[in-house]
Structure formats: C-alpha cells, structure tokens
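An overview of the molecular structure
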Number of protein chains: 2
Amino acid sequence: MKNFKKKELSKKWFKLLRNQIINEFEKIENQNISKKLKFKKKKWKRKPHLKKDNGGGQMAILYGNIFEKVGVNISTVYGSLSHDFKKNLPGTNKNSNFWASGISVVAHMQNPYLPSFHFNTRMIETSKIWFGGGMDMTPTFKNSKHKKMFHSNIKNMCDKHNKNYYKDFSKYCDEYFYLPHRREARGDGGIFYDYLDSSSWEGDFNFTKDVGSCFLDVVSRIISMDMSKKWKKEHKEQQKIKRGRYAEFNLLYDRGTKFGLQTDGNIDAILMSMPPEAKWI
Amino acid sequence: MKNFKKKELSKKWFKLLRNQIINEFEKIENQNISKKLKFKKKKWKRKPHLKKDNGGGQMAILYGNIFEKVGVNISTVYGSLSHDFKKNLPGTNKNSNFWASGISVVAHMQNPYLPSFHFNTRMIETSKIWFGGGMDMTPTFKNSKHKKMFHSNIKNMCDKHNKNYYKDFSKYCDEYFYLPHRREARGDGGIFYDYLDSSSWEGDFNFTKDVGSCFLDVVSRIISMDMSKKWKKEHKEQQKIKRGRYAEFNLLYDRGTKFGLQTDGNIDAILMSMPPEAKWI
C-alpha cells in the first residue's frame, strides 16, 4: 500500500473513533437529564502566523455532571522538524519532514470513585512509518474490580494480535506513568506502545484500531457501573489532591506535553489533559 | 572574616527573618478573630536514609482566612554534589562539596484581589561564596497601586546599596518569571539576583538582609491595604485559573523546584510553593 493511502486511512479512522467516543460519552452524560449537554468543538491551525499549511486539529470538550471535564482531540500536523527535535524521532537523518495524525482523550470524572482515563493513538511518518499510543487509568481510591476489568479487557484485545503485546506494553506503561520524585505510580497502569512497525502495516493499524475500540468499550462500562455511587465532600477533596499528582506528572514528565510545548503546538489542546481542579496541601 | 563565621551569621539571619515573618503574618491573620491561628512547624532531614548528616530544614505553614496558604521554609543543607549537578554550580571544579542555607516564602491569599507573593534568599558556599534570591508578586487582577508600591519600595532599598541593582535585578526577574509556552509574564515582577559576590561579603550580606526586611514590610502593607476588599465567587474562579499558570511555571520551568527534585530534597518543602487550589478550563 502506498504511504498516502496509509495516511488517508489512519486519519479517517481517528476521526471516526472521535465521533464514536463523543456519541457514546454524550449518551452516558445525558441518560438521566432533560437538558442535554454536548461537546463543544473548536478547530485550530498549527502555526497560523505562517502562510504555509502546517496542519491542525479539532478539540472537543464537555463539562458535565458525569464527566467533570473530558476532552477528545484529533489532529493531523506536518512540516519540517527543527534540528533540536529531530533526535527525538526515528527516520529523520536524511530528511526532516514529518507527518503525524492522532487522537487523544482525557476524562476527569465528577464522581471521585471513578478513575480518570487517558487514551491516545497516533500514526507518524518520517522516512519510516509507525504507530504509538495506549491507555491508562488513575483512580483516587483503589478499586480492584475496576482495575481487573480494565486490564483483562485490554489483555484479551492484545492477545488477539500478539501474545507478547500485553506483557510488553503494560510494562512500558508502568515505567512511563511513574512519578520519581514521589516514588509512586501515577495510577493503575494500562498499556503503552511506541515505534510499532512490525512486518505488517495492516496488522499494526488493526491493532491500533482495536486499542481505540477497547478503550471506548471498557471505559464506558466502568463509568456506567459506578457513576451513581454516593460520595462526600472529603472524597472530592482527596480526588483534587490526586489530581495535583496528575498535574505534576503532565508538567514535569509527560513527553507529549513537552513535545507540544516545544513545537509550537496549540496550548489549549496540549493542556486539555490538565485536571479541572487540583489541590496541593 | 572566616567562612565558618559567614555561614553562622547567614544561617542565623535566615532564622531570625523567618521568625519575624511568622510573627507578622500571624498578627495580620489574627487581628480580627478570636480563635488565633498559628503556623505549624515541621522539621525534616535531608537524605534521612543515610547515616551521614546532610543537613535539613524546617517548614512552617499556615492555612488561614487572610492567607489561604502560606509557607515559610528555612533550610541548611550540605554534602557532596552529584557529578551531573556540579555543572550547575560555580566553584565546584576541584571540589564537589557544597553548603547552602536559605529562606523561602510563598503566600497564596484568600482574597483574589490580593496578589500571591514569593520571596527567597540564600547563601551558597562551594570553593566560592555567594548570595542569591529575590521577590516577585503575581496578581490575578492588575492593580497599579500594588505594583507601584511593590516596585518603588524595592527600588529604594536597592538604591541604598548600588544604583544598578534595581535595573539589573528587576530585568533578571522579568526574564526568569516568564511562561514561554503562553508568551506571558508570570506576574508583576520584582527583583531576582544570583551569584552575588562583590568585593565585600558584608555588603552582599547586608543587601540580602535588606531584601528580606523590604519583602516583609511591603508585603504586609499591600495585604493590610486590601485584605477586606469584597469579592465574588467568579473572582475566586479567576484566581484559581491564574494559579494554574503558577503551577505550570513551577513545574515546567522553576530552577529551585528542579534542583530540589533532582537532589533528593524534601518533597513537601519543595512543593510548598504550589497553590492550594488551581483550575484549568
């Protein structure tokens, strides 16, 4: 398959998945209320001050009663990488052109008994082509039922593609979502993969599609399971403190955040992952 | 003067100033209430898992009705610098020993019409000895009266020591407290200096003492001026959003935070500067 076709297909998928996620999350948000809430969408262009087209994206954000703040972003960006940044991406030795398309979701829930969820997948083209992404969840209060459901669904999905994927990618996730200054994990893990470029582009693409569908399915089920659970003000306070750790991770360590801030990305889209309210005591 | 005497004098000053600040802030906090609030103090040791004495410090924190969260920390730490960290400190070519003593204050105010205040001063000894520190303030809503009072007091104090200090150090402050990803200043500036090692240690020490006294004086006056000003919930929301920027600065750029996190500092003391509540929309 030609590269332009691969790009077309992946970009199309990320948009389709975005629509599926938005529809499903709106359904969850609106099932018990008469005044329906909708995601607000906003388009943005990369480097709008330049005449050249550098791509852009579309943010979608919802502030609701179930989802305190959930953002679903898609973007397709391209152009030439800065010298400093080339070392971070394979396949840029001879040519500094890149193309990247992806989807990214962060959901901070009202109910402190529900974890926050994070997911993204992307395809990147330099002189190589590869996929990356993953999903993880961050509870305020440990819940073994949620954790088991999350991981077993992910494992089943992974096993259909490659028996090593779950082991390798969940390990990578645990290593990545770690706060060294606090010597603590960000949350309950999940999977994370990068530079996925096996012998079959179709296989890697199908895996990336399944990661997205699995995320939507398992997260919807965990939310539906406990969205009506009663909580008190002190539980909300605990959630805000946990979110402080989330903010620390994103600003101190997250590669995506750094990548975005250093490459003139859209600030609102990059920092969409930040919690709606955080506390430090 | 011998170095041990310089260290003794500076350490003593930082503690005296800490006591003065605590007394004055408690006076402000308690002037109109019957149930008096006090700073809670907590000692900590650096690298408590090692047998060797590496110094430590004392945190003091107050959650009040005027001061939503104010921390006043002193510390005196010493030992041997890691290889990676030596390049950050002058005078460590032949010898990796260091000694550092200082005071650090961050005040986040309840009233959104009052700015947050930040101050620190320190003396550091390697094979050289120098002073550093400064103060700055970050309003949610522009207030030219506060800004003028803050800067004119600092300038008068600086001018008694060196006619270039205010110009040089306020410029350094503006450059330092800047958020490149948002292309905005953190706040209203102030002064910041480092590696201050003029011909006279006594002169540098006296300047550093005056910076501390000036901070306490001008900040107390700004707070007293507007602490009773009425505000509404939406102003508090604005303050929380501004505090999100403050958190971004501290975690993305602040050298002190990075220094602390990379040198096994006390997490609670390092992150004392974080706002009590922050919002991202």
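Our subject in this report is the structure included herewith. Predicted, not measured: the structure shown is a model, and the values here were computed from it.

What follows concerns the interface of chain A and chain B. Listed as interface residues are 22 residues of chain A and, on the opposing side, 22 residues of chain B. Here chain A packs against chain B, burying approximately 2,100 Å² in sum over the two surfaces, 61% of which is carbon and sulfur. Joining chain A to chain B, the criterion identifies 2 salt bridges. Of the charged contacts in the structure, one is a salt bridge between Glu277 of chain B and Lys240 of chain A, with a shortest N-O distance of 3.4 Å.

All names here are of chain B. Taking 1.5 Å of rise per residue, 12 residues should cover 16 Å, and helix H4 (residues 165-176) covers 16 Å from first to last C-alpha, within 8% of that figure. Turning to H4, its buried residues number three or more, namely Tyr165, Tyr166, Phe169, Ser170, Cys173 and Tyr176. Seen end-on, H4 carries its buried residues on one side only, within an arc spanning 125 degrees. Among the exposed residues of H4, those oriented more than 90 degrees off its buried face are Lys167, Lys171 and Glu175.

On to the nonpolar core, then. In globular proteins that are soluble, nonpolar side chains generally tend to be buried together. Residues Ile21, Phe25, Phe67, Ile191, Phe207 and Ile223 of chain B are the most contacted members of the largest nonpolar core, which totals 51 residues. For this core, the element with the highest residue contribution is helix H5 (residues 201-226) of chain B, accounting for 11 residues. With 50 residues, the next largest nonpolar core counts Tyr165, Phe205, Val219 and Ile223 of chain A among its residues.

On to the pairing of strand E4 (residues 97-109) of chain B. All names here are of chain B. Of all 13 residues making up E4, 11 are buried, and the element is well covered by its neighbours. In the sheet, strand E3 (residues 67-80) pairs with E4 via 13 bridges, with the strands oriented antiparallel. Paired with Phe67 across the two strands is Met109, which belongs to E4. Once E4 ends, the chain turns through 6 residues before running back antiparallel as strand E5 (residues 116-125).

Scoring rules and cut-offs
Per chain, the residues get numbers from 1 upward, laid out in the order the sequence is written. Ligands are numbered from 1 and chains lettered from A, in the order in which they are written. In keeping with the predicted nature of the model, local features appear solely for residues at pLDDT of at least 70, side-chain atom pairs appear and are counted solely at 80 or more, and the whole-chain, interface and lining totals rest on all residues. Hydrogens and waters are ignored; side-chain quantities use all the structure's heavy atoms. Residues count as neighbours in contact if any of their non-hydrogen atoms are within 4.5 Å of one another. What gets called buried area is simply the loss in accessible area from a 1.4 Å probe that two parts show on being joined, summed for both. Only one rule defines a salt bridge in this text: a Lys or Arg side-chain nitrogen within 4 Å of an Asp or Glu carboxyl oxygen. Where helices and strands are cited, they refer to DSSP runs of H or I of at least four residues and of E of at least two residues respectively, numbered from the N terminus. The span one expects for a helix is its residue count, reduced by one, times 1.5 Å. Under the scheme applied here, a residue whose accessible area is under 20% of the maximum for its type counts as buried, over 50% as exposed, and between as partly exposed, the area being computed with a 1.4 Å probe on protein chains only. Arc definition: it is the arc formed by the directions from the helix axis to the C-beta atoms. Buried Ala, Val, Leu, Ile, Met, Phe, Trp, Tyr and Cys residues that are joined via side-chain atoms within 4.5 Å together make up what is termed a nonpolar core. In this description, strands pair whenever DSSP reports at least two bridges between them.

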